[in-house]
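Residue-level structure breakdown
Here's the letter readout for the chains.
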Amino acid sequence: MGVDWDDARKYLRRLGDHAGEWAGIPCPVEGQPLTVHPRYPFAKVFKSPVEDAEGARMVNEWYDRRRGHHVLIWREANGELCWGRISNQKADKEIKTLGASIAWDIDAEITAMEKLRKVVEPHKFRQYFTTGSFLETSKRSGVTYLFRRLRPTVAMRGDLVSNSVRILAALCLHPIGFYNDSWAGAMVPTDDVIAHLLLMRGDEHGFWKQANQHPAWRPEAGI
Amino acid sequence: MAGVLEILNVGAGDVVITFDNKNPMEAIRAKRIIKDMLSRGYALMIKLEDGTYTRAKAFDEATGEYIIADFDPDADEDDSPRAGLDDGPPIKARRGRPRGKRVGMENATATAIGRSAGG
């Protein structure tokens, strides 16, 4: 009898409990490398062999907004300087997110939804349940945050004079880790949202400090 | 009243540990868990009586109390770009050392969030 994904998740849960890893161990998915926090106890296990390989070294990279692709410049092991382009394939990211979703336990997502329901007002939970997002304004800074399922949190500030809204940044943060080139975190989607929400409420500066801050026009912002 | 520690977990969604301070074994276990989490860099978000949340900066194992700051003691150390976070009305600054407000673990609900890998 073969091992299925449920068995794999249960095994990793037991392994995490045994190892005393409170947040658990992410479920690896073939073809979907994971990036975990470098000080995560099992970081070495998830390190891609490509990262370890000596040789090519990234020199610079930027996003060409006009052409809609990333430009990379790197130096090969023999010293040769090379460059290349990576097109922004939104569909590719969506499909990789679908692929990574096999790592998530449906019961874990339901548990996370129940927790979110306890920490937000009913109308916000209704918005999240039906649309996958909700808004909350920080009493501390006055910044309004759009928390989104499987997308970075958008930080905005309203301008009463011009009656407009300015997007400050899209904040991307995944506790423990995320699946490369996808929107998927190691945790179920609603746990990522809970993490963003509670960090914003309890340690707003820390939230910004830990998160990758993407300008609204970058594909990574998911806007 | 029992203390509650909820841990965001990749496998289970939410692991909940409850402990009664009147039970010495439970209290000792809870203190060790909290201390271990903080040493591993977990963010412990404490829900206060008024419904707001604050982050525990430290934990006093002897007294079983989370130590939270009245204001952000890392503001001076935080030199990362905040892209307009401070554009709005000025936040009232307070002078002096952080007052280190304490919250007993036996009455608090805390949520533990693992270190972030960015994204």
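To be clear, the structure that these remarks concern was listed above.
A brief structural summary. (Residues numbered from 1 in each chain as written. Chains lettered and ligands numbered in written order. Predicted model: local features only at pLDDT ≥ 70, side-chain atom pairs only at ≥ 80, totals over all residues. Heavy atoms only, no water.)

Comments concerning the pairing of strand β4 (residues 81–87) of chain A
Residue and element names in this part refer to chain A. Here 7 bridges tie strand β3 (residues 69–75) to β4, and the two strands are oriented antiparallel to one another. Residue pairing for β4: R75 is matched across the bridge by L81. Here β3 folds back onto β4, and the loop between the two strands holds 5 residues, one of which, G79, carries a positive phi near 95°. (Pairing = 2+ DSSP bridges. Helix = DSSP H or I, 4+ residues; strand = E, 2+ residues; numbered from the N terminus.)

Describing the sheet that holds strand β10 (residues 212–214) of chain A
Residue and element names in this part refer to chain A. The antiparallel open sheet is built from 5 strands, whose spatial order is β5-β6-β7-β8-β10. This sheet does not close on itself; its edge strands, each paired only once, are β5 (133–137) and β10. Taken over all neighbouring pairs, the strand axes of this sheet differ in orientation by 25° on average, direction set aside. Here strand β6 (residues 144–148) runs beside strand β7 (residues 153–159); their pairing, made up of 3 bridges, is antiparallel. Considered in β7, the bridge of Y145 is made with A155. Its contacts with the sheet place helix α7 (residues 189–202) against β5, β6, β7 and β8 (164–172), and it is angled at close to 165° to β6. (Axes fitted to C-alpha atoms, helices over the stretch in contact; angles between N-to-C directions. Contact = heavy atoms within 4.5 Å.)

Regarding the interface of chain A and chain B
Contacts between the two partners involve 52 residues from chain A, matched on the other side by 41 residues from chain B. Of the roughly 4100 Å² buried between chain A and chain B, counting both surfaces, carbon and sulfur atoms make up 56%. Taken as a group, A:W22, A:K115 and A:H205 account for 20% of the area that chain A buries against chain B, more than any other trio of residues on that side. Linking chain A with chain B are 3 salt bridges. Residues A:E21 and B:R40 are paired through a salt bridge, measuring 2.8 Å at the closest nitrogen-oxygen approach. Linking chain A to chain B there are 14 residue pairs in polar contact (both at pLDDT 80 or more). Within the residue set of the side of chain A that touches chain B, elements represented by two or more residues are α1 (5–19), β1 (34–36), α5 (106–119), β8, β9 (177–179), α7, α8 (204–210) and β10 of chain A. By residue number, the principal contributor to the side of chain A that touches chain B is α7(A), which donates 7 residues. Of the residues in the side of chain A that touches chain B, the class split is 25 nonpolar, 14 polar and 13 charged. (Buried area = accessible area lost by both parts, 1.4 Å probe. Salt bridge = Lys/Arg side-chain N within 4 Å of Asp/Glu carboxyl O. Polar contact = N/O pair within 3.5 Å; in protein donor to acceptor, adjacent residues only side chain to side chain. Nonpolar A, V, L, I, M, F, W, Y, C, P; charged D, E, K, R; others polar.)

Things to note about the packing of α5(A) against helix α6 (residues 122–131) of chain A
Residues and elements named next belong to chain A. Between α5 and α6, the shortest axis-to-axis distance is 9 Å and the interhelical angle comes to 150°. Our classification of the angle between α5 and α6 gives roughly antiparallel. Contacts from E109, M113, L116 and R117 in α5 reach F125, Y128 and F129 in α6. Across the contact of α5 with α6, the residue classes tally to 5 nonpolar, no polar and 2 charged. (Parallel < 35°, antiparallel > 145°, perpendicular 65-115°, else oblique.)

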